[in-house]
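# Summary of structural features
In case you want the letters, here they are:
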Amino acid sequence: MRILHTSDWHLGKSIYGHSLLDDQRAFFHDCFFPAVQEEKPDVVLVAGDLFDRQIPPAAAVRLLDEVTGTLSCDLRVPAIFIAGNHDGPDRISIGLRLLREKGLYIVPRAELAPAPITLEDAFGPVHFYPLPYFDAAYIREMCGEETIRTTQDAFRLLLDGIRARWNPQERNVLISHCFVSGAQPSDSESSYAVGGAADVAAEAFEGFDYVALGHLHRLQRTAENVYYSGSPLKFSFDEAKHRKGLLLVELGEKGRVEVRELPVRPPRDMRVLAGSMEELAAQSEAYREDYIYALVEEEGPVFEPMSTLRQRYPYLLGLRQTWYDRQELEARERMAAGEMRRSTDAQLFSAFVEYVTGGQPTPRDGEIFDAMMRQTSREATECGR
């Protein structure tokens with residue numbers, strides 16, 4: 001059986017105020033649908049975070065409607081979608097019974113005893129167990145077990161229940177949305193727990209022939225046949241060097257699993273560029289159409305570098321001047337040495353002006369500062385009477 005595994009579409013997402021909806025639409029038309037047509041999977045698995053937020057914008061809802069319609073009505077490929085922590089379960093629950101008749105299975109909430117979705121191939125049945133995002137409190141309330149304090153506890157309960165009912169001689173696939181201990185996260189993922197309370201050990205998935213995971217945006221394998229497909233697009237600049245793709249899984253007879261990456265090339269790549277203003281300008285021809293975060297490396301502050309660089313990089317989304325980083329570091333070092341605590345008001349003002357402008361205050365600046373300090377002192381005295 002051929003399985004196409006993807007997740008974390010985050011339809012409707014914006015980065016630095018820039019909507020990615022056009023990029024997401026291009027992913028489906030240029031990468032996803034062609035992969036389905038060429039590879040001819042028997043089922044598509046989408047492991048959560050269909051939308052970027054629980055109340056998605058209307059344009060994102062229309063795009064998901066287009067995608068599901070193309071899959072079910074035009075390509076006629078069965079698909080199993082589960083909710084992630086960004087999805088509103090009630091908002092993806094419309095028409096579930098009708099959609100199942102078209103081979104589209106949308107599972108909005110975790111259940112204590114999830115019924116498998118079973119498909120057949122030449123080697124017999126393959127049982128797909130959907131386990132959408134949940135937190136420990138949700139499962140604890142459902143089953144009344146006060147001993148369930150962590151996500152690991154809840155997973156152990158649910159997966160032990162599945163294993164108690166399945167046939168271990170047949171092939172069993174889990175689809176879930178969670179954080180596996182030891183996996184590598186990215187800046188674009190929202191943290192929904194403190195410490196390790198939401199972590200799940202990879203050993204929890206023992207016995208499944210394949211585990212299709214969502215939540216982390218880096219494509220990675222965390223254990224034998226346990227995979228994150230990652231997000232198909234880059235959602236933060238720390239993902240600039242990540243490879244993005246879909247996972248094509250070949251399930252043969254029991255015990256034989258092959259996984260192959262299908263690379264995704266987005267319409268615009270994401271890059272972090274560093275250098276002087278002149279050096280950054282010189283690179284613009286090669287990277288003009290990419291999303292850019294610029295590190296401006298000059299000896300002093302640069303006036304309005306964003307507007308200057310945007311003339312060459314129309315998709316410049318963020319910028320930082322490293323000169324300010326050096327000034328801040330030096331200020332922290334002086335503070336640690338106790339210099340600031342021993343400084344007069346005039347010395348602190350002078351240090352502030354130097355930090356912001358790179359130069360010393362003028363005599364006129366000093367006169368204005370002294371006048372403001374005298375006025376502040378008079379007001380403080382009057383308030384204390």
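In what follows, the accompanying structure is described. Residue numbers restart at each chain and count upward from 1, following the sequence in its written direction. Selection of residues for local features in this predicted model requires a pLDDT of at least 70, selection of side-chain atom pairs for listing and counting requires 80 or more, and totals for whole chains, interfaces and linings are taken over all residues. As a convention, hydrogens and water are excluded, and side-chain values are obtained from all of the structure's heavy atoms.

## Some thoughts on the packing of helix α4 (residues 136-143) against helix α5 (residues 151-165)
- Close contact between α4 and α5 brings their axes to 8 Å; oriented N to C, the two are set at 45°. If you check the angle between α4 and α5, you find them oblique. Between α4 and α5 lies a crossing whose hand is left-handed. Here Ala-136, Ile-139 and Cys-143 of α4 lie close against α5, whose contacting residues are Thr-151, Ala-154, Leu-157 and Leu-158.
- In this count, Pro and Cys sit with the nonpolar residues alongside Ala, Val, Leu, Ile, Met, Phe, Trp and Tyr, while Asp, Glu, Lys and Arg are called charged and the others, Gly among them, polar. Residue composition of the contact of α4 with α5, grouped by class: 6 nonpolar, 1 polar and no charged. Only the stretch in contact is used when a helix axis is fitted, and all axes are lines through C-alpha atoms; the angle between N-to-C directions ranges over 0 to 180 degrees. Secondary structure counts use DSSP, requiring at least four H or I residues in a row for a helix and at least two E residues in a row for a strand, with both numbered from the N terminus. Here the angle decides the label: under 35 degrees means roughly parallel, over 145 means roughly antiparallel, 65 to 115 means roughly perpendicular, and every other value means oblique. A crossing counts as left-handed when the near helix is turned anticlockwise from the far one by less than a right angle, and as right-handed when that turn is clockwise. The contact criterion used is simple: two residues touch if any of their non-hydrogen atoms lie within 4.5 Å.

## What about the packing of helix α1 (residues 21-39) against helix α2 (residues 58-74)?
- Closest axis-to-axis distance for the α1/α2 pair is 11 Å, and the angle between their directions is 5°. By the angle between their axes, α1 is roughly parallel relative to α2. Facing Leu-21, Gln-24, Arg-25, Phe-28, His-29, Phe-32, Phe-33 and Val-36 of α1, the residues of α2 in contact are Ala-59, Ala-60, Leu-63, Glu-66, Val-67, Thr-70 and Leu-71.
- Here the contact of α1 with α2 is built from residues that sort into 10 nonpolar, 3 polar and 2 charged.

## Brief notes about the packing of aromatic side chains
- Centres within 6.5 Å are what make two rings of Phe, Tyr or Trp a pair, Trp counting through its six-membered ring; a difference in plane orientation under 30 degrees is then read as stacked, over 60 as edge-to-face, and the rest as tilted. For the structure on display, the rule yields 19 aromatic pairs.
- Measuring from centroid to centroid gives 4.8 Å for Trp-9 and Phe-28, while their planes differ by 80°, and the two rings are edge-to-face. Highlighted residues: Trp-9 in the loop between β1 (2-6) and β2 (14-15) and Phe-28 in helix α1, separated in sequence by 19 residues. Accessibility classification places Trp-9 together with Phe-28 in one group, the buried group. Accessible area is worked out with a 1.4 Å probe on protein chains only. A residue is then buried under 20% of its type maximum, exposed over 50%, and partly exposed in between.

## Brief notes about the sheet that holds strand β19 (residues 316-321)
- Each pair of strands is called paired provided DSSP finds at least two bridges between the two strands. Taken in spatial order, the 3 strands line up as β17-β18-β19 in an open sheet, and their pairing is parallel. On the outer flanks of this sheet lie β17 (270-275) and β19, each paired with one strand and no other. Here the average twist between neighbouring strands, direction ignored, is 15°.
- Bridging between strand β18 (residues 291-296) and β19 involves 5 bridges; their strand directions are parallel.

## Remarks on the side chain of Arg-140
- With respect to the helices and strands, Arg-140 occurs in helix α4.
- In this charge count, Lys and Arg are treated as positive and Asp and Glu as negative; neither His nor the chain ends contribute. The salt bridge criterion pairs a side-chain nitrogen of Lys or Arg with a carboxyl oxygen of Asp or Glu, the two atoms within 4 Å. No salt bridge is formed by the buried Arg-140. Its closest oppositely charged neighbour is Glu-146, at 4.2 Å.
- If we skip the residues at most four places from it in the chain, Arg-140 touches Glu-145, Glu-146, Ile-148 and Arg-149.

## Examining the nonpolar core
- Among buried residues, those of type Ala, Val, Leu, Ile, Met, Phe, Trp, Tyr and Cys that are joined through side-chain atoms within 4.5 Å constitute a nonpolar core. Counting residues in each nonpolar core, the largest one holds 41 residues, and the members touching the most others are Trp-9, Phe-27, Phe-28, Phe-32, Val-44 and Phe-81.
- Contributions of two or more residues to this core are made by α1, β4 (43-47), α2, β5 (79-82), β6 (104-107), β15 (245-251) and β18.
- Leave out the neighbours within four places in its chain, and Val-44 touches Leu-4, Phe-32, Val-36, Leu-71, Val-77, Pro-78, Ala-79 and Ile-80.
- By size, the runner-up hydrophobic cluster in this structure holds 28 residues, among which are Val-200, Phe-205, Leu-213 and Leu-216.

## Structural notes on the sheet that holds β6
- Pairing is mixed in the open sheet, where 6 strands are placed in the order β6-β5-β4-β1-β15-β16. A single partner strand is all that each edge strand has here, and the edge strands are β6 and β16 (257-263). Here the average twist between neighbouring strands, direction ignored, is 20°.
- Two strands pair when backbone bridges link them, and β1 and β15 are joined in this way by 4 bridges, in the antiparallel orientation.

## Quick look at α5
- Given a rise of 1.5 Å per residue, 15 residues ought to cover 21 Å, and the 22 Å separating the end C-alpha atoms of α5 matches this to within 8%.
- Regarding α5, the residues found buried are Thr-151, Gln-152, Ala-154, Phe-155, Leu-158, Leu-159, Gly-161 and Ile-162.
- Among the structural elements, β8 (124-131), α4, β9 (171-177) and β11 (199-200) are those in contact with the buried residues of α5. What a helix is expected to span follows from its residue count: subtract one and scale by 1.5 Å.

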